[in-house]
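Listed here are the chains, written in short residue letters.
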Amino acid sequence: MTTPLATSTRPRHLVTRLLEQPDLVHVVQDLPAPVLTKLIHHIGLEDAGEIVALATTEQLKGIFDEDLWRSERPGKDETFDADRFALWLEVMLEAGEAFAAQKIAELDEDFVTLALCKHVLVIDIDGLCVQMSSSAHSDDDDLVEKALESCLYQEFEEFRVIAKNHRSWDPISLVLVELDKEHHTLLRTLLDRCCAISSEYIEESGGLYDVLSSEETLESDVAGDREDRREQEGFVAPSAAASFLNLSRVTPLEEILQSRTYDAVTRAHFRAAAVKDRPTAAAARRSDAREAKNGANPENVKSFLDVLREADVLPPATEPGLLTAGAKHEEDLPFTLAIREVKTRDSEIYAKRLMELSYLVNVLISGCSYNGRAFRPFEAVEAAICTCNLGLEHLLGERAARKKPSPDELVSAMIEHDAVKIFMAGWNILHHRVLLFAADAIRKTLTKLIAVQSDAQTAREIERVALGLGADADAGKPWRSRGKLHRLEGVLGAETTSTFRALLDEYPTLPHGLGEGSRTTAGRSLRFISTAAQVLAIQTLLKRPEVIGAKGPERAARTDAPAKPRAKRPRSGPGRQK
């Protein structure tokens, strides 16, 4: 009997149901790392100890690549989250100190060194004593003495490990003690590397950094290795995604259309993806033998995945694919029709275009903000398709405006032009003909409003926003001023402010009521701009701001002018005729 969804979606109920699944160990260890990551996020790491205990080291490596790195905003490089790593140690220790130490020992040495350096200071006590006894007392000696006073520490032969963060000390110290017992040589190597980094940290902590410290260099190396691994799996680094999108903005549209090769950023991505390590024949045979011996029963796997789908950890088995997503009207987009037509005629080109589209979706997720946040995956799919459609319409030229392109025309365009070029063309149009056009129109509207404001403070506020918007537009990033528009809602009105904010986003969207955009599977409009007609409608709207509710000079003057006294109507009463 199946547990009702209402109860199974609660983290502890879900864990209970999963733990009751037959063949649990093999099923969990057969899950791809991204699926296991999503499951742990759904349950909550603190409650997922039983699941984490079943994960293989390879799965943990993939999970750590996803879970231990944070970015402040789309397009900004991710940094290592030391506090999250400490929480992972606590959860792993629930399965025992030996388990946690063994998993740590099997991870990449650079990664473990980085994680430890974030939490501890390692001092060579013997070397420090020799140094302090053979030289005059210095400021460095005072710094070390302060670090040694009143601190939590653990000694391993000549090394003293000192806590940087008291909150994470317990799990760190427990794992180090277990490593000393079971993996002594590895621990010495780790402590020796941490000691060298700590020495530089101590030496330079009292002054300005002229160069990167060893800890920062190590983090850069580990981050680079992680990006390489993730790039081979199709992910796009935030810095690379931001570079690609900016290149699409600044490259002249005609130059994009005339290009016959990928841009440098895209070439680097696909080159990294092409060198993805493949197992040797011997390794493949060993893997096949292991799966034959230890692999999970297919029925058990299906049952396990059904539980995950029921809890919304995985999408439904019947979820629309990449090019079948959205409402019925999106099926009529020329780009979508072109991809489907290519599928029936040239499977090789179809596979290549699908690979390119997947890359573009990851670019939007990693490097672009939408409505002040990162794209959700399904939104990024819709946005990538709509942007490509905008570019394809431009490539087709007047034919697309006069009539619906024929299947032959669509196939010919998709064979001649790759999806990356088509997207770049659409992105360039969005930036110049929508975003920058809107920024200029909004700035002019604000300038007109300044002249008719009777309140000096309000006029100054409008002027500040207008000047900031002009500077951001000149820098090619007008969306930086988007958050300031809410200050002017009292002047512009709620509807106009909403319209301006929709158009002044890094990914501009259709204002409310201006045509239809893409839709989610639930039918909710996402309002992504997908046609040249929509671009023209936006420009027409912005040329007549009074239509969308902006208080133009005349209207603002009428608003600010004192109201004229209304003539009194005669009252009805005795002696008066009603």
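Remember, predicted model here, so these are calculated numbers, not experimental data.

Student: Mind showing me how you'd approach the overall build of the chain here?
Tutor: Per the secondary structure count, the chain includes 30 helices and seven strands. Buried residues in the chain amount to 45% of all 578 residues. Across the chain, every contact between residues at least 6 apart in sequence was considered, and the portion connecting residues at least 24 apart equals 72%. Approximately 29800 Å² of the chain is accessible, and the part contributed by carbon and sulfur atoms is 51%.

Student: Quick question: what am I supposed to make of empty space enclosed by the protein here?
Tutor: Leftover empty space is mapped by rolling, across the atoms, a probe with the size of a water molecule. Per the counting criterion, the structure on display carries three cavities of 30 Å³ or more. Of the pockets and cavities examined, the largest cavity occupies roughly 70 Å³. Along its surface, the largest cavity is lined by Phe85, Leu89, Ile104, Val112, Leu116, Ile172, Val175, Leu176 and Leu179. The set of elements that each furnish at least two residues to the lining of the largest cavity consists of α7 (82-93), α9 (109-117) and α12 (169-182).

Student: Explanation requested: the pattern of salt bridges in the structure shown.
Tutor: Between side chains of opposite charge, a pair can form when the charged atoms approach closely. Tallied over the entire structure, the rule returns 19 salt bridges. For Glu461, the salt bridge is made with Arg464, and the minimal N-O distance between the two is 2.6 Å. Note that Glu461 and Arg464 are positioned in helix α26 (residues 456-474) at a spacing of three residues, about one turn of the helix. For Glu461, a relative accessible area of 19% corresponds to the buried category. Relative accessible area serves as the criterion here: at 46%, Arg464 is assigned to the partly exposed category. Salt bridges sharing partners connect three or more residues here, namely Glu109, Asp110 and Arg193.

Student: Whenever I open this one, the side chain of Glu178 confuses me. Can you help?
Tutor: If you trace the backbone, Glu178 turns up in helix α12. Apart from the residues lying within four places of it in its own chain, the contact partners of Glu178 are Glu97, Ala98, Ala101 and His183.

Student: What is the right way to read the nonpolar core from this model?
Tutor: Nonpolar side chains in soluble globular proteins tend to end up buried together. Phe244, Tyr359, Leu364, Phe375, Leu446 and Tyr507 are the most contacted members of the largest nonpolar core, which totals 76 residues. Here the element with the most residues in this core is helix α25 (residues 419-451); it accounts for 17 residues. Leaving out residues up to four positions away in the same chain, Leu446 has contacts with Ile462, Val465, Ala466, Leu488 and Leu492. Grouped together as the second largest cluster of nonpolar side chains are 63 residues, Leu39, Ala82, Met92 and Trp169 included.

Student: So what exactly am I meant to see when it comes to the sheet that holds strand β3 (residues 120-124) here?
Tutor: Backbone hydrogen bonds hold the strands of a sheet together, and the pairing may be parallel or antiparallel. Read across the sheet, three strands follow the order β3-β5-β4 without closing on themselves; strand pairing throughout is antiparallel. A single partner strand is all that each edge strand has here, and the edge strands are β3 and β4 (153-156). For this sheet the average axis-to-axis angle between neighbouring strands, irrespective of direction, equals 20°. Bridge analysis of β4 against strand β5 (residues 159-163) gives four bridges, and the strand direction is antiparallel. Bridge pairing in β5 links Tyr153 to Ile162. On the sheet, α12 packs against β3, β4 and β5 and is oriented at approximately 10° with respect to β4.

Student: Looking at this model, I keep getting lost on the packing of aromatic side chains. Mind explaining?
Tutor: The description of an aromatic ring pair uses the distance of the two centres, along with the angle that the planes make with each other. Per the counting criterion, the structure on display carries 17 aromatic pairs. Between Phe423 and Trp427 the ring centres are 5.9 Å apart and the planes differ by 15°, which places this aromatic pair in the stacked class. One end of the pair, Phe423, and the other, Trp427, are both in helix α25, four residues apart, so they sit about a helical turn from each other. In terms of burial, Phe423 and Trp427 fall into one category: buried. Consider the rings of Trp427 and Tyr507, whose centres lie 5.7 Å apart with planes at 50°: the pair is tilted. Of the two residues, Trp427 sits in helix α25 while Tyr507 sits in the loop between α28 (494-503) and α29 (532-543), which places them 80 residues apart along the sequence. Here the two residues Trp427 and Tyr507 agree in accessibility, since each one is buried. Ring pairing ties together the aromatic residues Phe244, Tyr262, Phe270, Tyr359, Tyr370, Phe375, Phe423, Trp427, Tyr507 and Phe528, which thus form one cluster. Taking the ring centre of Tyr153 as reference, the NZ or CZ of Arg160 above it sits at 4.1 Å.

Student: How do you make sense of the state of the cysteines when you look at a structure like this?
Tutor: Using the criterion set out here, one finds zero disulfides in the structure. Of the cysteine sulfurs around Cys117, a residue in no disulfide, the closest is that of Cys194, at 3.7 Å. Assessed through its relative accessible area of 3%, Cys117 is described here as buried. In this structure Cys195 is not part of a disulfide, and its nearest cysteine sulfur, from Cys194, lies 8.8 Å away. Residue class for Cys195 comes out buried when judged on its relative accessible area of 8%.

Student: In this structure, what is going on with the pairing of β3? I would like to understand it.
Tutor: Side-chain direction in a regular strand flips from residue to residue, so the side chains alternate between the two faces of the sheet. By the criterion of burial, β3 is predominantly enclosed, with four of the five residues buried. Sheet analysis places β3 next to β5, joined by five bridges and oriented antiparallel. By the bridge assignment, Ile123 is partnered in β5 with Arg160.

Student: Mind showing me how you'd approach the confidence of the model for the chain here?
Tutor: Interpreting fine coordinate detail is not advised for predicted regions of low pLDDT. Per-chain confidence: the chain averages 77 in pLDDT, with 70% of residues scoring 70 or above. Of the regions scoring below 50 in pLDDT, residues 206-214 engages in seven contacts with residues more than four places distant in sequence or in other chains. A low-confidence stretch, residues 517-524 stays under pLDDT 50, and its non-local contacts, those more than four residues away or across chains, total 28 contacts.

Student: How do you make sense of α29 when you look at a structure like this?
Tutor: Along an α-helix, residues three or four apart share an orientation, since each turn contains 3.6 residues. End to end, α29 covers 17 Å across twelve residues, agreeing with the expected 16 Å (1.5 Å per residue, within 8%). As for α29, its buried residues are in contact with α22 (377-396), α25 and α28.

Student: Just to check I follow, could you spell out the environment of Leu390 for this structure?
Tutor: Here Leu390 is to be found in helix α22. Residue classification places Leu390 among the buried residues on the basis of a relative accessible area of 2%. Put simply, Leu390 and Met424 are 34 residues apart on the chain and 9.9 Å apart in space, counted from C-alpha to C-alpha. Apart from residues lying up to four places away in sequence, Leu390 is in contact with Gly426, Ile429, Leu430, Ser530, Thr531, Ala532 and Val535.

The rules we used
- Residues numbered from 1 in each chain as written.
- Predicted model: local features only at pLDDT ≥ 70, side-chain atom pairs only at ≥ 80, totals over all residues.
- Heavy atoms only, no water.
- Helix = DSSP H or I, 4+ residues; strand = E, 2+ residues; numbered from the N terminus.
- Buried < 20%, exposed > 50% of the residue type's maximum accessible area, 1.4 Å probe, protein only.
- Contact = heavy atoms within 4.5 Å.
- Areas by Shrake-Rupley, 256 points an atom, 1.4 Å probe, with all protein chains shown as cover.
- 1 Å grid on protein atoms, 1.4 Å probe; cavity = no way out; pocket = protein on both sides within 12 Å on 5 of 7 lines; lining within 4 Å.
- Points joined across faces, edges and corners; volume = space filled by probe spheres on them.
- Salt bridge = Lys/Arg side-chain N within 4 Å of Asp/Glu carboxyl O.
- Core = buried A, V, L, I, M, F, W, Y, C linked by side-chain atoms within 4.5 Å.
- Pairing = 2+ DSSP bridges.
- Axes fitted to C-alpha atoms, helices over the stretch in contact; angles between N-to-C directions.
- Phe/Tyr/Trp six-rings, centres within 6.5 Å; stacked < 30°, edge-to-face > 60°.
- Lys NZ or Arg CZ within 6 Å of the ring centre and 35° of its normal.
- Disulfide = S-S within 2.5 Å.
- pLDDT = per-residue confidence, 0-100.
- Expected span 1.5 Å × (residues − 1).

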